[in-house]
Amino acid sequence: MGYELKWGNRTWIYGLLLGLGIGLPILLFMYNMKGASFFFNYYSPMLGYYVLISICQSHYFRRPTEPQMNGLFRQFVSIFGAVLIFFVNEMIMIHILGLPTSDHALLNNGGIVMSGHFTFIVFGFFIYGFDDFMFKGRLLSWMKNDTAKAIFWYFVIWLIWLPLFYMKGGVVQAFSAATFDELHSNRMLSISQWAIIMSLMIALIFKDYIPELKIENDLLRGVILLAGSFIIGGAIAYICYGLTEFVAPWGDISATDRWHHVLYMGTYPLIPVILMGVYSKNFSDVESPGMRVVWRLVYLVPLIVLTYFLYHFVIAQPELIPNWIFGDGTFSEGMGIFGEQHGWHHHLDLYFNFTISIIPLTHHWFCGKAGFMKESEDEPVGPGQRRPWGRPERPAPRKEAIPGDRRTSPFGRGPPPRDERGQFNRQWK
């Protein structure tokens with residue numbers, strides 16, 4: 001007995017409604033009711049840590065894939081774990097490492113500390129998933145305890161964070177306010193975010209084609225996929241940087257802010273990739289693995305672009321288009337859902353995309369898409385296999401073969417029997 005999507009390829013619509021139905025009230029409460037200061041000081045980093053711990057649970061504290069709501073408690077593990085790790089990491093950054101805490105209009109401990117949180121979170125997104133996605137778990141195959149593996153990767157994140165973000169001679173050099181390089185920080189985060197997207201696409205979009213590469217060595221395949229994620233992700237990040245002035249031509253911004261926006265652009269694939277990969281059949285009935293990937297990309301790329309413009313022109317600033325048509329001043333600023341009145345490159349799109357996408361994704365991880373699946377009497381259909389229309393007919397029970405009876409002969413009609421002289425019995429029917 002297997003399971004299949006309750007509404008077939010339309011299931012993504014209900015997955016999106018789940019994300020919007022829970023995510024939008026959370027965002028409105030945290031930003032519009034609790035205020036921008038609370039939102040950026042607490043909700044912003046804790047959302048990142050919530051996603052990080054959820055990724056960790058999905059890989060190192062796995063549960064059966066059957067749709068069951070008893071996995072819901074894992075949501076609370078991620079929530080309370082996010083609160084805990086936020087304060088632990090902030091204590092380490094400020095009181096042990098002495099990260100500079102400069103005055104800031106919104107942030108209690110300044111922008112450098114918050115950049116430290118974001119860097120740790122982004123590195124963690126990749127670290128907690130890449131061993132499974134790329135190396136098939138071979139990197140820690142010598143370690144038998146899953147809890148130990150999760151703790152091990154936590155310290156690995158720190159070992160990467162220290163030289164790249166904090167230490168002298170690193171990319172960002174955040175140990176001092178005088179040496180902190182915001183441009184390099186935003187560029188590193190942008191490239192890392194797009195590498196995360198490539199890792200996610202390896203898991204959901206390219207997964208059927210990777211075996212076609214016929215790389216038998218798991219470590220070699222992992223190295224190739226790891227390098228490919230950063231090379232392709234970095235190339236996309238630079239392409240987005242060059243396209244920024246064309247996709248958002250309504251204001252000039254600095255190179256630092258452009259890279260900041262490229263980081264935010266790297267969150268727009270989340271909703272389409274997750275809904276297509278988890279809440280649809282994901283073109284699994286296409287025979288060729290290569291064509292399966294092609295069809296996914298044919299749908300996915302326009303959806304990502306559409307999501308970008310829908311957010312900016314419908315959710316964030318719906319007054320822009322009517323003011324362009326009817327003249328400035330026809331509609332006042334702040335008509336958007338979050339009442340945003342600051343620059344387009346500082347909208348809440350990163351928080352919107354992560355919040356709306358992580359809800360259906362964690363429901364898949366923790367509860368097996370309970371409510372979105374139904375039992376299937378047929379055997380599960382794998383990639384490239386088509387399920388026949390309707391229910392297959394049961395084969396008729398075979399009769400026991402009777403010597404000389406052509407109706408039960410395993411070879412069909414067969415020749416007529418012979419008499420004692422070897423002649424065919426012509427009366428045989």
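Above this text sits the structure in question.
Here's what I pulled together on the structure shown here. (Residues numbered from 1 in each chain as written. Predicted model: local features only at pLDDT ≥ 70, side-chain atom pairs only at ≥ 80, totals over all residues. Heavy atoms only, no water.)

### Brief notes about the overall build of the protein
The cut-off we apply is this: Secondary structure elements follow DSSP: runs of H or I of four or more residues count as helices, runs of E of two or more count as strands, with numbering from the N terminus. Between buried and exposed lies partly exposed: a residue is buried under 20% and exposed over 50% of the maximum accessible area for its type, with that area taken using a 1.4 Å probe on protein chains only. A contact between two residues is defined here by any heavy atoms of the two lying within 4.5 Å. Accessible surface is estimated by sampling points in the Shrake-Rupley manner with a 1.4 Å probe; for residues, cover comes only from the protein chains shown.
In terms of helices and strands, the protein carries twelve helices and two strands. Secondary structure elements of the protein occur, N-terminal to C-terminal, as β-α-α-α-α-α-α-α-α-α-α-α-α-β. In the protein, buried positions account for 46% of the 429 residues. Partitioning the intrachain contacts of the protein with sequence separation of at least 6 by distance along the chain shows that 73% fall at a separation of at least 24. A total of about 23000 Å² of accessible surface is found on the protein, and carbon and sulfur atoms cover 63% of it.

### Looking at the nonpolar core
Put simply, the rule reads: Take the buried residues of types Ala, Val, Leu, Ile, Met, Phe, Trp, Tyr and Cys, join any two whose side-chain atoms come within 4.5 Å, and each joined set is a nonpolar core.
In terms of nonpolar packing, the biggest core is built from 102 residues, with Phe-120, Tyr-128 and Trp-161 touching the most fellow members. Excluding its chain neighbours within four sequence positions, the residues that come into contact with Phe-120 are Tyr-49, Leu-52, Ile-85, Asn-89, Met-93, Tyr-154, Ile-157, Trp-158 and Trp-161.

### Some remarks on empty space enclosed by the protein
Which entries qualify depends on this criterion: Every definition here rests on a 1 Å grid over the protein atoms only: cavities are sets of points where a 1.4 Å probe fits but cannot get out, pockets are open sets enclosed by protein on both sides within 12 Å along at least five of seven lines, and lining residues have some atom within 4 Å of a point. Grid points are joined across faces, edges and corners, and a volume is the space filled by probe spheres set on the points. In this classification, Asp, Glu, Lys and Arg are treated as charged, Ala, Val, Leu, Ile, Met, Phe, Trp, Tyr, Cys and Pro as nonpolar, and every other residue, Gly included, as polar.
Throughout the structure, instances matching the rule amount to one cavity of 30 Å³ or more. In this structure, the largest cavity occupies an estimated 150 Å³ of space. Considering the residues around the largest cavity, the lining is formed by 14 residues, among which Phe-118, Ile-121, Phe-125, Leu-350 and Phe-354 are closest to the centre. For the lining of the largest cavity, the secondary-structure elements that each account for two or more residues are α2 (36–60), α4 (110–135), α6 (182–204) and α12 (349–367). Classifying every residue of the lining of the largest cavity by side-chain character gives eleven nonpolar, three polar and no charged.

### A look at the packing of aromatic side chains
For clarity, the threshold we go by: Stacked, edge-to-face and tilted are the three classes for Phe, Tyr and Trp ring pairs, Trp counted by its six-membered ring, which pair at centre distances within 6.5 Å; planes under 30 degrees apart are stacked, over 60 edge-to-face, the rest tilted.
If you walk through the whole model with that rule in mind, you get 40 aromatic pairs. Look at Tyr-49 and Phe-120: their rings are 6.3 Å apart centre to centre, the planes differ by 50°, and that puts the pair in the tilted class. Of the two residues, Tyr-49 is situated in helix α2 and Phe-120 in helix α4; the sequence distance between them amounts to 71 residues. Classification of Tyr-49 as buried rests on a relative accessible area of 0%. Exposure remark for Phe-120: the relative accessible area of 0% places this residue in the buried category.

### Considerations on unusual backbone geometry
Despite not being glycine, Lys-214 shows a phi value in the positive range, around 55°. Along the polypeptide, Lys-214 turns up in the loop between α6 and α7 (218–247). Residue Asn-282 is not a glycine yet carries a positive backbone phi of 55°. Of note, Asn-282 is situated in the loop between α9 (270–278) and α10 (289–316).

### Structural notes on helix α1 (residues 11–33)
This is how it is decided: A helix is expected to span 1.5 Å for every residue after the first. We define the bend at each residue as the angle formed by axes fitted to the 7 residues ending at it and the 7 residues starting at it.
For α1, spanning 23 residues, the distance from its first C-alpha to its last is 32 Å, which sits close to the expected 33 Å at 1.5 Å a residue. At Gly-23, α1 is bent by approximately 25°, the largest bend along its length, and proline Pro-25 sits one to four residues beyond. The set of residues buried in α1 consists of Thr-11, Gly-15, Gly-19, Gly-23, Leu-24, Leu-27, Met-30 and Tyr-31. Phi turns positive, to about 100°, at Gly-35, one or two residues after α1.

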